[in-house]
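# Geometric and topological summary
Here's the letter readout for the chains.
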Amino acid sequence: MADSVVSFVLDNLSQLLKHEASMLVGVEDHIESLRVDLGQINQFLQDSKGKREMVKELLSLIRKVAHRAEDVIDRYVINMAKHKRRNTLLKFRRSLEHTTMLRTVAKDIQSIRNEIAIIYSSREKYITENKGASDDYLEDRRKLNRHTKSSGGTYNMNEDGLAEEMRKLLQGKRYLIVLDDVWDTEVWDAIKDAFPDNMNGCRILVTSRLNDVALYVSRTPPYSLRVLDKNNSWELFSKKAFHGEDCPPGLEIYGRKMVEKCNGLPLAIIVLAGQLAQRERSPRIWSQMADKVSWKVEDVADKYLEDLVDRNLVMVSQRRCDGGVKSCFIHDLLHDLCIFECRQENFLVVLTDEVFTSSSASTSTDTTTGTRRLSAHCSTSRFINFVHYDSSRVHSLLCFGDPCELSNRNFKSLYRKFQLLRVLDLGSTTVLGVPTKVEELIHLRYLRMNAPQLSEIPSCISNLPKLQTLDLRESKIKYFTKNFWKMQRLRHLFISADCDLTVMDRNKEVKPMRSLKTLSTISSNAAYLLEGDTVFPNLRKLGLQVSQSSSYSQTNMAKPNFSSVRILKIMEGSHFLSHEGVLPSSLTKLTLLQTKIKLPVFEMLAKLQHLEILKLLKKSLAEESIDCKEGWFPALQVLHMVELDLKKWTFQQIKMQNEEQKWITHDRDVMQSLRYLLISKCRDLTDNPEELKRENVQYEFQS
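Analysis parameters
Residues numbered from 1 in each chain as written. Predicted model: local features only at pLDDT ≥ 70, side-chain atom pairs only at ≥ 80, totals over all residues. Heavy atoms only, no water. Helix = DSSP H or I, 4+ residues; strand = E, 2+ residues; numbered from the N terminus. Buried < 20%, exposed > 50% of the residue type's maximum accessible area, 1.4 Å probe, protein only. Contact = heavy atoms within 4.5 Å. Areas by Shrake-Rupley, 256 points an atom, 1.4 Å probe, with all protein chains shown as cover. pLDDT = per-residue confidence, 0-100. Patch = residues over 30% accessible without salt bridge, like charges linked within 9 Å, V, L, I, M, F, W, Y side chains within 5 Å. Salt bridge = Lys/Arg side-chain N within 4 Å of Asp/Glu carboxyl O. Lys, Arg positive; Asp, Glu negative; His and termini not counted. Charge placed at Lys NZ, Arg CZ, Asp CG, Glu CD. Expected span 1.5 Å × (residues − 1). Polar contact = N/O pair within 3.5 Å; in protein donor to acceptor, adjacent residues only side chain to side chain. Phe/Tyr/Trp six-rings, centres within 6.5 Å; stacked < 30°, edge-to-face > 60°. Lys NZ or Arg CZ within 6 Å of the ring centre and 35° of its normal. Pairing = 2+ DSSP bridges. Core = buried A, V, L, I, M, F, W, Y, C linked by side-chain atoms within 4.5 Å. Axes fitted to C-alpha atoms, helices over the stretch in contact; angles between N-to-C directions. Parallel < 35°, antiparallel > 145°, perpendicular 65-115°, else oblique. Left-handed = near helix turned anticlockwise from the far one by under 90°. Nonpolar A, V, L, I, M, F, W, Y, C, P; charged D, E, K, R; others polar.

### Remarks on the overall build of the chain
A tally of regular secondary structure across the chain gives 20 helices and 28 strands. Put simply, the chain has 703 residues, and 44% of those count as buried. For the chain, the proportion of contacts with a sequence separation of at least 24, taken over those separated by at least 6, is 58%. Entry remark: accessible area of the chain is about 38700 Å², with carbon and sulfur atoms responsible for 50%.

Now the structure itself:
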């Protein structure tokens, strides 16, 4: 776990140096030096994986120094943000304080660097050779010695001796040597004397990713491999990923998208194909990788969770309709072990109502000292006002207590105690007021709260510079202020369907929110934001509530643009769907609720080539009879039909001649990819198509 902590801190420092240079005036050189030192520790950890075992003491030292470095920089950024908000006069009055702060930070960073130097210089004391790795090394050495002995050499040669032996072997012979992936000119200098020039057509083929190495090795101009065009790139990818088989339905659009990002580089294509060959061949997995091939936090987390499920360490209580884990649990004994280990490593501490008792209060501070995450399974307001715990280094606060109210005064106490928060989940706690100075939680990435008494989102929330997820779905927010458009890092926004998003003039230009991926749920009163692709150009998941009686009706609305959306949920109104081509061809999941669509719209849905999941819920279909035709729903894997007025559902029969020239009917070209069918509360539907009774389809019927 220490290596992940160091990598995380390194990434934060790199991002800080790249994007927050104005915040680092006066200490940027110190931070860069710290980044280099941590990089050295990180490289040591990576090189040691699988080769050597490190005692817990060393890992604990590395983890603590990395956490300390993170906290020092985070507090400095907070202080700099406060200083920048001051007016000129106040900056002048606080100049001495600011100078002292810079000196303190520089001193703290130097102290951390000294700790890192001590750890690095004494690292070998904490390391024992891994037996498995040692055995592998000895076996490799034995093979080398056997080769040397068979060539008339001696055991235990050093590099110079081995080079001389190689030269003797090749002397007078005609040979071809291939040196793959030479990364440095010094490597060539170290080995070139082992290859004699016998003047008889000997050749040495050197490959390198570095042009300067290629130029150094030979006076002959290097041959640069040409990049592949789109067709050859896809051919190479298909060969490596599918091993000669055809690309499964629904995967090609994602595969080509990923291959295009390889820019025709064969090695990149082969690596990508190798990764995908080990993954499940489903559009869900491939679409995740296609959205962000190089960095996929959600995808990595999903993979780790599935690994735990495979090992029976985590039990799945419910899966999503696409096969992913929706909810899970672990055994009580394993849960207790996890809590114990988390506390030992200062990863997480769970606080219950017991901490409020006099006997437990004295030990609460020791228990929480240095912890990075607090999980409060108690009253939130009582917990915040409790003094016997250390909150100075907490980065995540998760509240799971019973419903209670959090006053404005309590909220002030919260942000004063937890200044380094990145994640704040207030659970079922009702927030009665949000103080302005909440904007000082400048490191906050995730915020979930229930604020029913607020009619608008305060500017202090919009001013949080690093906020990525904002969950207000339990609140009664009616609209956002114009400051909402400042939240350029926001990725996921969950709001109530009554929220109008903005009170600005619809003709006034707004700044595109390019980072936003999820928007759920938006009302039809703000639907004009979807008329083009300029406001939310990269939206992937959208929830839309459209009332037929809305003032923003079909007559005065332009064609909405869902071109980037992959997951779509529409409630009530159906006129959005009446536009030809409004739904993107790459849509993978569609949920309809009370939309009352008619046959022409249903036919449009049936022709979506990549639709995997379709949920028709509660009066979403106005037709009483549906006849599915050839080629409909080619990629559909999951179909939910709940509370529909459907009475008759048939499949069009296709006639063809068999080998005996007899006419037969078949239906395999309809819903050929279906794996799961749920029919619930469709009381008038008495007969289900016999054609769907296939061995590979799971059925669930509920009355």
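Read on for the rest.
### Things to note about the environment of T185
Along the chain, T185 falls in helix 8 (residues 185-191). Expressed as a C-alpha distance, the spacing of T185 and Y216, which sit 31 residues apart in the sequence, is 6.9 Å.

### Considerations on unusual backbone geometry
That bond from S520 to T521 is cis: its omega, 10°, falls within 30 degrees of zero. Tracing the chain through its elements places T521 in strand 17 (residues 518-523). If you check the backbone angles, M199 has positive phi at about 60° while not being a glycine. Phi is positive for K681, close to 60°, though the residue is something other than glycine. Relative to the elements of secondary structure, K681 occurs in the loop between strand 27 (676-680) and strand 28 (698-702). Look at K681 and you get partly exposed, because its relative accessible area is 36%.

### Section: the confidence of the model for the chain
On average, residues of the chain score 78 in pLDDT, and 79% of them reach the 70 mark or higher. Between residues 129-138, whose pLDDT stays under 50, and residues either more than four places distant or in other chains, the model counts eight contacts. Throughout residues 551-556 the model reports pLDDT below 50, and contacts reaching past four residues in sequence, or to other chains, amount to 12 contacts.

### With respect to a positive patch on the surface
Side chains of R85, K412, R416 and K437 sit close together on the surface and give a patch of like positive charge. Mapped onto the fold, R416 is located in helix 18 (residues 408-417).

### Digging into the pattern of salt bridges
Enumeration over the complete set of coordinates arrives at 16 salt bridges. Note that R35 and E32 form a salt bridge whose closest N and O atoms lie 2.8 Å from each other. Linking R35 with E32, this pair stays in helix 2 (residues 28-48), spanning three residues, or about one helical turn. The class for E32 is partly exposed, based on a relative accessible area of 30%. Measuring nitrogen to oxygen at the nearest pair gives 3.2 Å for the salt bridge that ties E245 to R281. With E245 in the loop between helix 10 (230-242) and helix 11 (252-261) and R281 in the loop between helix 12 (266-277) and helix 13 (283-291), this residue pair connects regions lying 36 residues apart in the sequence. Connected through shared salt-bridge partners, E70, D71, D74, R372, R393 and R422 make up one network.

### What about helix 10?
Along its 13 residues, helix 10 runs 17 Å from first to last C-alpha, staying within 8% of the 18 Å computed at 1.5 Å per residue. Every buried residue belonging to helix 10 is among S233, W234, L236, F237, S238, A241 and F242, and all of these are buried. The backbone nitrogen of N231 lies 3.3 Å from a side-chain oxygen of the residue at the head of helix 10, namely D229. Looking one or two places after helix 10, you find H243, whose phi comes out positive at around 55°.

### Description of the packing of aromatic side chains
One pass over the structure, following the stated rule, counts nine aromatic pairs. Measuring from centroid to centroid gives 6.0 Å for F602 and W632, while their planes differ by 65°, and the two rings are edge-to-face. Of this pair, F602 sits in helix 20 (residues 599-606) while W632 sits in the loop between strand 22 (625-628) and strand 23 (638-642), and the two are 30 residues apart along the sequence. For the pair shown, F602 and W632 are each scored as buried. Here the aromatic cluster, defined as three or more aromatic residues joined through ring pairs, consists of W234, F237, F242 and W286. Here R373 stacks its cationic end above the ring of F347, 4.1 Å away from the centre of that ring. The cationic tip of R473 hangs over the ring face of F494; the distance from NZ or CZ to the ring centre is 4.2 Å.

### What about the pairing of strand 12 (residues 446-450)?
Of the pairings in the sheet, the one linking strand 11 (residues 423-431) to strand 12 comprises four bridges and is parallel in character. Each bridged residue has a counterpart across the sheet, and for D425 the counterpart in strand 12 is R448. By the bridge criterion, three bridges tie strand 12 to strand 14 (residues 469-471) in an arrangement that is parallel. Its bridge partner lying in strand 14, L447 is registered against L470.

### Structural notes on the nonpolar core
In this structure, F383, I461, L583, F633, W649 and M671 are the most contacted members of the largest nonpolar core, which totals 94 residues. Counting residues in hydrophobic clusters, the runner-up holds 36 residues, among them L10, V27, A69 and M101.

### A word on the environment of I613
On the secondary structure map, I613 appears in strand 21 (residues 613-617). For the pair formed by I613 and L674, sequence separation is 61 residues and the distance between their alpha carbons is 9.4 Å.

### Things to note about the packing of helix 2 against helix 3 (residues 56-85)
Axis separation between helix 2 and helix 3 bottoms out at 12 Å; the angle between their running directions is 155°. By the angle class used here, helix 2 and helix 3 are roughly antiparallel. Judged by the twist between their axes, the crossing of helix 2 over helix 3 is left-handed. The residues of helix 3 that touch helix 2, namely those facing I31, L34, L38, I41, F44 and L45, are L58, L59, I62, A69 and I73. Residue composition of the contact of helix 2 with helix 3, grouped by class: 11 nonpolar, no polar and no charged.

### Side note on a nonpolar patch on the surface
On the surface, L176, V178 and L205 cluster together to form a nonpolar patch covering roughly 300 Å² of accessible area. If you trace the backbone, V178 turns up in strand 3 (residues 176-179).

### Some words on the side chain of H492
Structurally, the position occupied by H492 is in strand 16 (residues 492-494). The class of H492 is buried, set by a relative accessible area of 19%. Separated by 2.8 Å, the side chains of H492 and T518 make a polar contact.

### A word on the packing of helix 2 against helix 5 (residues 95-121)
Following both chains from N to C, one finds helix 2 and helix 5 inclined at 20°, their axes separated by 10 Å at the closest point. When the interaxial angle is binned, helix 2 and helix 5 end up roughly parallel. Here the hand of the crossing between helix 2 and helix 5 comes out left-handed. Residues H30, I31, S33, L34, D37, L38, Q40, I41 and F44 of helix 2 pack against A106, I109, I112, R113, I116, I119 and Y120 of helix 5. For the contact of helix 2 with helix 5, the residue count by class is 11 nonpolar, three polar and two charged.

### Thoughts on the environment of S224
By secondary structure assignment, the location of S224 is in the loop between helix 9 (211-217) and helix 10. Note on S224: relative accessible area 52%, which makes it exposed. Taking the C-alpha atoms as reference points, S224 and S208, separated by 16 residues in sequence, lie 10.0 Å from one another.

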